Amino acid sequence: MAKAIMIQGTTSNAGKSLIAAGLCRIFRQDGYRVAPFKSQNMALNSYITRDGLEMGRAQVMQAEAAGLEPVVDMNPILLKPTSDQGSQVIVNGEVRGVMRAADYYQYKPQLIPDIMAAYGRLDKENDIIVIEGAGSPAEINLRENDIVNMGMAKMARSPVLLVGDIDRGGVFAALAGTMLLLEEEEKRMIKGTIINKFRGDVKILEPGLKMLEDIIHIPTLGVVPYLHLDVDDEDSLSERFSRRDKAADIDIAVIRLPRISNFTDFNPLEYIDQVSVRYVAAPGQLGKPDLIILPGTKNTMDDLLWMRQNGLEAAVQKHAAAGKPILGVCGGFQMLGRAIRDPLGVEHGGEISGMGLLPLETEFAGEKTRVRAQGVLDTVGGVLSELSGQPFDGYEIHMGRTGTNRNLVHQENVYGTYLHGLFDRPETTRALVRALMRQKGLDPASVQALDMETYKQRQYDLLADGMRQSLNMDEIYKIVEEGL
């Protein structure tokens, strides 16, 4: 049986995912078989495993840090918001249905057998399981039926480390307040605290650490500095959306849809010296980019209507009319067609017209397409003709059927694909940027793309180095070994 350690936080975005990934890397470096686990994740950025199942990307990132192929057991429950009130519920990688928040709250206890079966399979194959919580365990209105924080810790009999984010302020109050709101049994499960995202001299913080320990009677196991690392982000918390990118030869604008999903598709473009990637939510922000990308979305119809209402659709059509290239991926691809129909009410229901930039129509089906995909891109013409024949290693995940078997569709300067991970291969990323450089009359000879796999592994090593220097790993190993 595996030992367990659980990372919970005082709030969302306290850095739980990164701390868990760092521990996975450290344990792996030290020779242990280690796997990540999060019973329930809420995210729009998902991933398709080798066996065609869907899981959250945070656990994919943690699996990579642990040196493992991602499997859905690492994230048995995935919630993908479809509106402010409801989410698509994915259990063991397959869609169970769409539920309103109140209905799901009552339904959660029925998922415990699925959660524990997944955990049990990991338990048999590993030495250590690093469990991640969600939000905060101090959300006392959610204590009943909890399956992801203290409820999960109890089921796994896992000691807990509580992480607080000092970067947003009030970290001592957050840690002490969280402890105040826990039940006595839950308090005994927390074996240490970690202060995360610190900037400055730790010596100035030390008096506060001593006072905190005196108040909550739990040791502080370390102060992790603000580590400037680059790993996959989670949904709307991504700093990428507000980043003002560098000035560069090539300006790429990604439409920031309200329900944008799988925006990690475009991360590789950011590492090319000649490229700037911006996320745009209003016509006034668009400017005159060299390429507009319409990304994936959890609700194609509602997000297209949003673009129609705020003027971005008209701006995109104007860009197309000027002969500038547009690329639609998944939901963005569907938007570019003539019509979108939803007879089963999978998303919005009914039928709406598309942008009319591709001669295709989409109809939503009741069953989701989930498949890994490898090969080379179909032949296309126009500005981006250099994409023809380039390799890809990605996946498809969509409810719509768009009446084409081509992996890359093209009409004049408008392109569409269902492929996520299109730019994970450096050859394909390089081909895109070189084509855009040639369009502007610039010399593309110097364009080089990053090998993303090598780059990511280096980031995980840097994460482990930073955490080893700032955490009391001897004490953490002791907590893991003693358990509860």
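We now turn to the structure provided with this report.

Definitions and limits used
- Residues numbered from 1 in each chain as written.
- Predicted model: local features only at pLDDT ≥ 70, side-chain atom pairs only at ≥ 80, totals over all residues.
- Heavy atoms only, no water.
- Phe/Tyr/Trp six-rings, centres within 6.5 Å; stacked < 30°, edge-to-face > 60°.
- Helix = DSSP H or I, 4+ residues; strand = E, 2+ residues; numbered from the N terminus.
- Buried < 20%, exposed > 50% of the residue type's maximum accessible area, 1.4 Å probe, protein only.
- Lys NZ or Arg CZ within 6 Å of the ring centre and 35° of its normal.
- Axes fitted to C-alpha atoms, helices over the stretch in contact; angles between N-to-C directions.
- Parallel < 35°, antiparallel > 145°, perpendicular 65-115°, else oblique.
- Contact = heavy atoms within 4.5 Å.
- Core = buried A, V, L, I, M, F, W, Y, C linked by side-chain atoms within 4.5 Å.
- Pairing = 2+ DSSP bridges.

Comments concerning the packing of aromatic side chains
This model, assessed by the stated rule, comprises seven aromatic pairs. Geometrically, the ring pair formed by Tyr271 and Tyr455 is tilted, given 4.9 Å between the ring centres and 50 degrees between the ring planes. Of this pair, Tyr271 sits in the loop between strand 14 (260–261) and strand 15 (275–280) while Tyr455 sits in helix 14 (residues 452–470), and the two are 184 residues apart along the sequence. Geometrically, the ring pair formed by Phe333 and Tyr418 is edge-to-face, given 5.1 Å between the ring centres and 80 degrees between the ring planes. Of this pair, Phe333 sits in helix 12 (residues 331–335) while Tyr418 sits in the loop between strand 24 (414–417) and helix 13 (426–439); the two residues are 85 residues apart in sequence, bridging distant segments of the chain. Residues Phe333 and Tyr418 agree in their burial class; the two are buried. Members of the aromatic cluster, each reached through a chain of ring pairs, are Phe27, Tyr32 and Tyr477. Lying across the ring of Tyr226, Arg199 places its NZ or CZ 3.8 Å from the centre.

Some points on the packing of helix 10 (residues 300–310) against helix 11 (residues 312–321)
The packing of two helices is summarised by the inter-axis angle and the distance between the axes. In the contact formed by helix 10 and helix 11, the axes pass within 5 Å of each other and the chain directions differ by 85 degrees. Relative to helix 11, the element helix 10 is oriented roughly perpendicular. Contacts from Leu304, Trp306, Met307, Arg308 and Asn310 of helix 10 reach helix 11 at Leu312, Glu313 and Val316.

Section: the nonpolar core
Ranked by internal contacts, the top residues of the largest apolar core, which has 64 residues, are Leu269, Met307 and Met355. No other element matches helix 13, which puts six residues into this core. Look past the residues within four positions of Met307 in its chain and what remains in contact with it is Ile255, Leu257, Leu294, Leu312, Glu313, Val316, Met335 and Met355. Ranked by size, the runner-up nonpolar core spans 51 residues in total, among them Leu53, Val60, Val89 and Ile129.

A word on the pairing of strand 13 (residues 250–255)
Among the six residues in strand 13, six count as buried, and that is most of the element. Here strand 13 shows two buried faces, one formed by Ile250, Ile252 and Val254 and the other by Asp251, Ala253 and Ile255.

Overview of the environment of Met211
Following the sequence through the fold, Met211 ends up in helix 8 (residues 202–216). Remark: the alpha-carbon pair of Met211 and Phe172, spanning 39 residues in sequence, is separated by 9.2 Å.

Notes on helix 10
When helix 10 is considered as a whole, its buried residues turn out to be Thr300, Met301, Asp303, Leu304 and Met307. Downstream of helix 10 by one or two residues, Gly311 has phi in the positive range, about 95 degrees.

What about the sheet that holds strand 18 (residues 326–329)?
With mixed pairing, the six strands of this open sheet are ordered in space as 15-13-16-18-24-23. Since the sheet does not close on itself, it has two edges, and those belong to strand 15 and strand 23 (409–411), each with one partner. Going from strand to strand, the sheet's axes swing by 20 degrees on average, the running direction of each strand aside. Examined bridge by bridge, strand 18 and strand 24 share four bridges and lie parallel to one another. The partner of Leu327 across the bridge, within strand 24, is Tyr415. On the sheet, helix 13 packs against strand 13, strand 15 and strand 16 (291–294) and is oriented at approximately 120 degrees with respect to strand 13.

These results come straight from atomic positions and should not be treated as a statement about function.
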